[in-house]
Amino acid sequence: LELTRGCLEVFLRHRNPVSVITKNYLVTRDLDLLAGLAERNLVTVSISITTLRPELVAIMEPRTSRPDRRLAAIETLATAGVPVGVMVAPVIPGLTDAELPAIVAAAADRGAVRAGYIMLRLPGPVEGLFVDWLKRELPDRAQKVLRRIRLVRGGRLSDSRFGKRMRGEGVWAQTVADMFKLACKRAGLNAPRAPLSTDQFRRLPGGQLALWA
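Q: Looking at this structure, how should I read the overall build of the protein chain?
A: Each helix and strand in the protein chain was counted, giving 8 helices and 4 strands. The order of helices and strands in the protein chain, counted from the N terminus, is α-β-α-β-α-α-β-α-β-α-α-α. By its C-alpha atoms, the protein chain is 60 × 45 × 30 Å across when sized along the principal axes. Scored against the burial criterion, the 213 residues of the protein chain give a buried share of 40%. A separation threshold of at least 6 residues defines the contact pool for the protein chain, and within that pool the share at least 24 residues apart is 75%. On the protein chain, roughly 12000 Å² of surface is accessible, and the fraction owed to carbon and sulfur atoms is 57%. Mean positive and mean negative side-chain charge positions of the protein chain (33 and 20 charges, respectively) differ by 5 Å.

See the structure below:
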């Protein structure tokens, strides 16, 4: 439906800063608009990569782009001058956490300049859906994964507390954090950069429409 493209057109027209995060190679369709925003320091894009294993993506994220396509999107955006990063999310303890350094390195090789990660969250009904999926698709790994999740969630499978929900807590969560920090250092990612511009916003002629006709 090109809804995202329509939004980007509005952002560019009004010089409004925007950040995009996606798992889909389709983001490259809007390269012309993203490049135009990037020229004015108005955009950043993050490509979310959960795993580099296509066989795992096929059962975990079947309607998303393959890992190689997501890396290709990073390279395409970087080549066009669009500031692009990688978001390793979600990090699934006992299943994808060991891949974190490889994902960061692969993204940096394609031109990513920033990286972040989010520990798996299972709010509300998502918890039951994930456990059912895990036991059905990966029965040999299910108990290990659930144990590791509880290690980073204080004995539970989910934790909604602000400051804890994105990274987890405990020894294993700290191990993941240290591993991520070292991977970024080796890849040369996350150097300080200027924030997106907020002083170019412009109101076009026409004004606000009336609420009542």
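Q: How should I be thinking about the nonpolar core in this particular structure?
A: General note: in soluble globular proteins, nonpolar side chains tend to be found buried as a group. Among the nonpolar cores identified, the biggest contains 40 residues, and V45, I47, I74 and V104 are the most heavily contacted of them. Sequence-distant contacts of V104, that is, excluding residues within four places in its chain, are made with V88, A115, F180, A183, C184, A187 and L189. The next biggest cluster of nonpolar side chains, apart from the first, holds 16 residues, and it includes F130, V131, W133 and L134.

Q: I'm lost on the sheet that holds strand β1 (residues 18-22) in this one. Help?
A: Paired through backbone hydrogen bonds, the strands of a sheet run either parallel or antiparallel to each other. What the 4 strands build is an open sheet, ordered β1-β2-β3-β4; its pairing is parallel. Every interior strand has two partners, whereas the edge strands, β1 and β4 (114-119), have only one. Geometrically, the sheet is characterised by an average inter-axis angle of 20 degrees between neighbouring strands, direction not taken into account. Bridge count between strand β2 (residues 43-48) and strand β3 (residues 84-91): 4 bridges; the pairing is parallel. Looking across to β3, one finds that S48 is bridged to M87. Strand contacts of helix α4 (residues 67-79): β2 and β3, with the helix running at about 165 degrees to β2, the strand carrying the most contacts.

Q: Mind showing me how you'd approach the environment of P83 here?
A: With respect to the helices and strands, P83 occurs in the loop between α4 and β3. With a relative accessible area of 22%, P83 lands in the partly exposed category. For P83, the residues in contact, after removing those within four places along its chain, are A38, V43, T44, V45 and R193.

Q: Please explain the pattern of salt bridges as it appears in this structure.
A: When the charged atoms of two side chains lie near each other, side chains of opposite charge can form a pair. Counted by the stated rule, this structure contains 14 salt bridges. Note that R29 and D30 form a salt bridge whose closest N and O atoms lie 2.9 Å from each other. R29 gets classed as partly exposed once you look at its relative accessible area, which sits at 33%. For D30, a relative accessible area of 3% gives the class buried. Because the salt bridges share partners, they merge into one network encompassing R5, E9, R29, D30 and D32.

Q: Sorry if this is basic, but what is going on with the packing of helix α5 (residues 100-109) against helix α8 (residues 171-187) here?
A: Helices that pack against each other are described as a pair by the angle of their axes relative to one another and the distance between those axes. One way to put it is that α5 packs onto α8 with a least axis distance of 9 Å and a crossing angle of 25 degrees. Classed by the angle they form, the pair α5 and α8 counts as roughly parallel. Like other packed secondary-structure pairs, α5 and α8 cross with a definite hand, here right-handed. Taking contact as the criterion, the partners of L100, P101, V104 and A108 in α5 are, on α8, V176, M179, F180, A183, C184 and A187.

Reading the values: the criteria
- Residue positions are given per chain, counted from 1 along the sequence in the order it is written.
- Restriction of local features to residues with pLDDT of at least 70 applies here, the model being predicted, together with a cutoff of 80 or more for giving and counting side-chain atom pairs; totals for whole chains, interfaces and linings are based on all residues.
- Excluding hydrogens and water, the side-chain figures rest on all heavy atoms present in the structure.
- Helix numbers and strand numbers start at the N terminus; a helix is a DSSP run of H or I with at least 4 residues, a strand a run of E with at least 2.
- A simple rule labels every residue: compare its accessible area, found with a 1.4 Å probe on the protein chains alone, to the largest value its type can have, and call it buried under 20%, exposed over 50%, or partly exposed in between.
- The contact rule is simple, with two residues in contact once any of their heavy atoms fall within 4.5 Å.
- Accessibility throughout is a Shrake-Rupley quantity obtained with a 1.4 Å probe, and a residue counts as covered only by protein chains that appear here.
- By the counting scheme adopted, Arg and Lys are positive, Glu and Asp are negative, and His together with the chain ends is not counted.
- For charged residues, the charge sits on one atom: NZ in Lys, CZ in Arg, CG in Asp, CD in Glu.
- By nonpolar core we mean a set of buried residues, namely Ala, Val, Leu, Ile, Met, Phe, Trp, Tyr and Cys, connected to one another through side-chain atoms within 4.5 Å.
- When DSSP finds two or more bridges between two strands, those strands count as paired.
- Axis lines are fitted through C-alpha atoms, for helices just across the contact stretch, and the angle between N-to-C directions can take any value from 0 to 180 degrees.
- The rule for a salt bridge is simple: a side-chain nitrogen of Lys or Arg has to be within 4 Å of a carboxyl oxygen of Asp or Glu.
- Roughly parallel here means an angle under 35 degrees, roughly antiparallel means over 145, roughly perpendicular means 65 to 115, and every remaining angle is called oblique.
- Crossing handedness is defined as follows: a turn of the near helix away from the far one that is anticlockwise and smaller than a right angle gives a left-handed crossing, while the clockwise case is right-handed.

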